[in-house]
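Topology and contacts: notes
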Amino acid sequence: MEERSMIEQLRIQLNWTKEDMEKFLEEIAKVISEEVAVGAGESDIFKNLSDHIYKKRIAKLLMLLGIPTNIGGYKFIKLALVYLRSKESEKISITEELYPYIAKFYNKTVGQVERAIRSAVEMACKVNSVKFQEIFDNINLPKSGKPTNSLFITALDEYLRYN
């Protein structure tokens, strides 16, 4: 049996088509060339590349959960997950720190952020995808069967950190 390249192993592990992987590699090359063009150091290139890859993972996860990109909750959840990653070792309050951060970033009210995220969570619950079941299978959900916004965001954060 022939040995697979690292890229082919990664493609299989991510369950991507060859076209998805080619597109991804083109994006990596673009990020690196942009960073080199502005004179970024090697550590900056890898940090920015890592951030780019993480954002792609978030986008794919939200898609698998059935949350469309055209609703506000999508971009708010995406920013929330990026923010949580940057605060990796800190414990933060979703309602007291995260919502105000997102509201300020997008020039919205905290209430608008909370409602848009709740709508996205409800949409994910209605779709009830295999990925949703995988993530929330071992989590005690409220009687409604729907995770709270905080539970949803923290569960996705944990999933992204350990998978």
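Please read these numbers as outputs of a predicted model, since none were measured by experiment.

Definitions and cut-offs
- Residues numbered from 1 in each chain as written.
- Predicted model: local features only at pLDDT ≥ 70, side-chain atom pairs only at ≥ 80, totals over all residues.
- Heavy atoms only, no water.
- Helix = DSSP H or I, 4+ residues; strand = E, 2+ residues; numbered from the N terminus.
- Expected span 1.5 Å × (residues − 1).
- Buried < 20%, exposed > 50% of the residue type's maximum accessible area, 1.4 Å probe, protein only.
- Contact = heavy atoms within 4.5 Å.
- Core = buried A, V, L, I, M, F, W, Y, C linked by side-chain atoms within 4.5 Å.
- 1 Å grid on protein atoms, 1.4 Å probe; cavity = no way out; pocket = protein on both sides within 12 Å on 5 of 7 lines; lining within 4 Å.
- Points joined across faces, edges and corners; volume = space filled by probe spheres on them.
- Nonpolar A, V, L, I, M, F, W, Y, C, P; charged D, E, K, R; others polar.
- Phe/Tyr/Trp six-rings, centres within 6.5 Å; stacked < 30°, edge-to-face > 60°.
- Salt bridge = Lys/Arg side-chain N within 4 Å of Asp/Glu carboxyl O.

**Remarks on helix α8 (residues 149-162)**
Between its first and last C-alpha atoms α8 spans 20 Å; for 14 residues at 1.5 Å apiece the expected length is 20 Å, and the two agree. Considered for burial, the residues of α8 that qualify are N149, F152, I153, A155, L156, D157, Y159 and L160.

**Things to note about unusual backbone geometry**
Phi angles above zero are rare outside glycine, and N107 is one such case at about 55°. For N107, a relative accessible area of 71% translates into the label exposed. At N128, a position not held by glycine, the phi torsion is positive, near 50°. Along the chain, N128 turns up in the loop between α6 (110-127) and α7 (130-136).

**Notes on the environment of K18**
By the secondary structure assignment, K18 is in helix α2 (residues 18-37). As a C-alpha pair, K18 and E8 span ten residues in sequence and 8.6 Å in three-dimensional space. Not counting the four nearest positions on each side in its chain, K18 is found in contact with E8 and R11.

**Thoughts on the nonpolar core**
Buried together is how nonpolar side chains tend to be arranged in soluble globular proteins. One finds L65, I67, I77, F152 and L156 to be the most contacted residues of the largest nonpolar core, which totals 36 residues. Once you skip the residues sitting within four places of it in the chain, L156 turns out to touch L61, L62, L65, I77, L81 and I135.

**A few points about the layout of surface pockets**
If a probe the size of a water molecule is rolled over the atoms, the empty space left behind becomes visible. Within this model, the largest pocket holds a volume of roughly 670 Å³. Elements with a minimum of two residues in the lining of the largest pocket: α1 (6-14), α2, α3 (42-64) and α8. Looking at the lining of the largest pocket, the element that brings in the most residues is α3, giving seven residues. Of the residues belonging to the lining of the largest pocket, the class tally is ten nonpolar, three polar and seven charged. Taken as a whole, the second largest pocket spans an internal volume of roughly 230 Å³. If you go around the second largest pocket, the residues you meet are L84, K87, E88, E90, K91, I92, I94, T154, D157, E158 and R161. Examining the composition of the lining of the second largest pocket, we find that four residues originate from one element, α8, more than from any other. Each residue belonging to the lining of the second largest pocket can be placed in one class, and the counts come to three nonpolar, one polar and seven charged.

**Brief notes about the packing of aromatic side chains**
Where two aromatic rings form a pair, the distance of their centres and the angle of their planes describe that pair. Across all of its chains, the model carries six aromatic pairs by this definition. Measuring from ring centre to ring centre gives 5.3 Å for F76 and Y106, while their planes differ by 55°; the resulting arrangement is tilted. Taken together, the positions of F76 in helix α4 (residues 72-86) and Y106 in helix α5 (residues 94-106) put the pair 30 residues apart, joining distant regions of the chain. Taking the centre distance of 5.6 Å and the plane angle of 10° together, the rings of F136 and F152 count as stacked.

**Things to note about the pattern of salt bridges**
Counting across every chain of the model gives three salt bridges. Salt-bridge contacts for R118 lead to E114; the nearest nitrogen and oxygen are separated by 2.6 Å. Placement of both R118 and E114 in helix α6 is noted, with a separation of four residues, approximately one turn of the helix. Across the pair R161 and D157 runs a salt bridge whose closest N-O atoms are separated by 2.9 Å.

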